[in-house]
Amino acid sequence: MRRMVALTLIPVLIGGVLLTAGKRSSLDPETEKKVVEIGKKATMTLLKTLLGEVTTSLEEKGPVATINYCSERAYPLTDSISEAFGVKIKRTTFKYRNPKNKPDKYEEEALRYFEKFFKEGKKPPAHYVQKVKVGDKLVYRYYFPLKVLKLCLTCHGTPGKDIKPEVYKAIKKKYPEDKAVGYKEGDFRGVVRVEIPAERVR
Ligand code: HEC
């Protein structure tokens, strides 16, 4: 049942963006199609699992224990899905809680791209794609925009209003430099980034 609830949240999270076309990029259509296909599958696998487990944990164990889930389980989960798909998945945002999730310059470009739509109150595109050089390797990157849902406010809303004092205390203890609060439902939270080695897309 809980899993059902979590699954029905997926379309909310996606916010109808599936109906909108992605950004036109400089990639040829065939390549872009493959990048989007791999990126989307990996992203949906991650989000379904994360959302399902966070929802269950919030209900069964409460928000303070779920903070530990977010800091301890989210990375191994992301890594195992990355491995299964032969990609590298990262969650990144301008207002990060964990400095590990800080964006690089290409990720900043993608974040700015989506942010513009949210600022203008427009529906964001379903994805953004890039072909970039990381070190000496050519990679493709797929980005999926994340929207703030009501349940996210428990830990990313306004302290004292949406975030209970004991929850905020636990967050600040673990993340003294936390920037990931003050969000409202429907705000742009960040992206899931899927990095795909160029040789996978041929
Ligand atoms: C129980 C508290 C809790 C809830 C509920 C929660 N988060 Fe988080 N979130 C965290 C914690 C803790 C981290 C930091 C994890 C880490 O160490 O990377 C985090 C990190 C993130 C990050 C990675 C970027 C960053 O800020 O470091 C994103 C993106 C994110 N959350 C989005 C969401 C969304 C979207 C929702 C709702 C669907 C949500 N969160 C619900 C606690 C929560």
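Not measured: the values here are computed from a predicted model. (Residues numbered from 1 in each chain as written. Predicted model: local features only at pLDDT ≥ 70, side-chain atom pairs only at ≥ 80, totals over all residues. Heavy atoms only, no water.)

A.B. asks: Which parts of the structure should I look at to understand the nonpolar core?
C.D. replies: One recurring pattern in soluble globular proteins: nonpolar side chains tend to sit buried together. Core analysis: the biggest nonpolar cluster contains 27 residues, and Val-35, Ile-89, Val-192, Val-194 and Ile-196 have the highest contact counts within it. Those elements that provide at least two residues to this core are α2 (29-61), α4 (74-85), β3 (137-147) and β4 (188-197). With ten residues, α2 is the single largest residue contributor to this core. With residues up to four places along the chain from it excluded, the contact list for Ile-196 reads Val-35, Ile-38, Gly-39, Val-87, Val-139, Tyr-140 and Val-201. Counting residues in hydrophobic clusters, the runner-up holds nine residues, among them Leu-111, Tyr-113, Phe-114 and Tyr-128. (Core = buried A, V, L, I, M, F, W, Y, C linked by side-chain atoms within 4.5 Å. Buried < 20%, exposed > 50% of the residue type's maximum accessible area, 1.4 Å probe, protein only. Helix = DSSP H or I, 4+ residues; strand = E, 2+ residues; numbered from the N terminus. Contact = heavy atoms within 4.5 Å.)

A.B. asks: Whenever I open this one, the site of the ligand confuses me. Can you help?
C.D. replies: Neighbouring residues of the ligand: 24 residues in total, closest Tyr-75, Asn-101, Cys-152, Cys-155 and His-156. Between the ligand and Arg-97, the relevant distance is 2.8 Å, taken from an oxygen atom to a main-chain nitrogen or oxygen of the residue. When residues of the shell around the ligand are traced back to their parent elements, those giving at least two are α2, α3 (63-72), β3 and α6 (153-156). Of the residues forming the shell around the ligand, the biggest block, five residues, is contributed by α3. Residue composition of the shell around the ligand, by class: 13 nonpolar, six polar and five charged. (Near = heavy atom within 4 Å. Polar contact = N/O pair within 3.5 Å; in protein donor to acceptor, adjacent residues only side chain to side chain. Nonpolar A, V, L, I, M, F, W, Y, C, P; charged D, E, K, R; others polar.)

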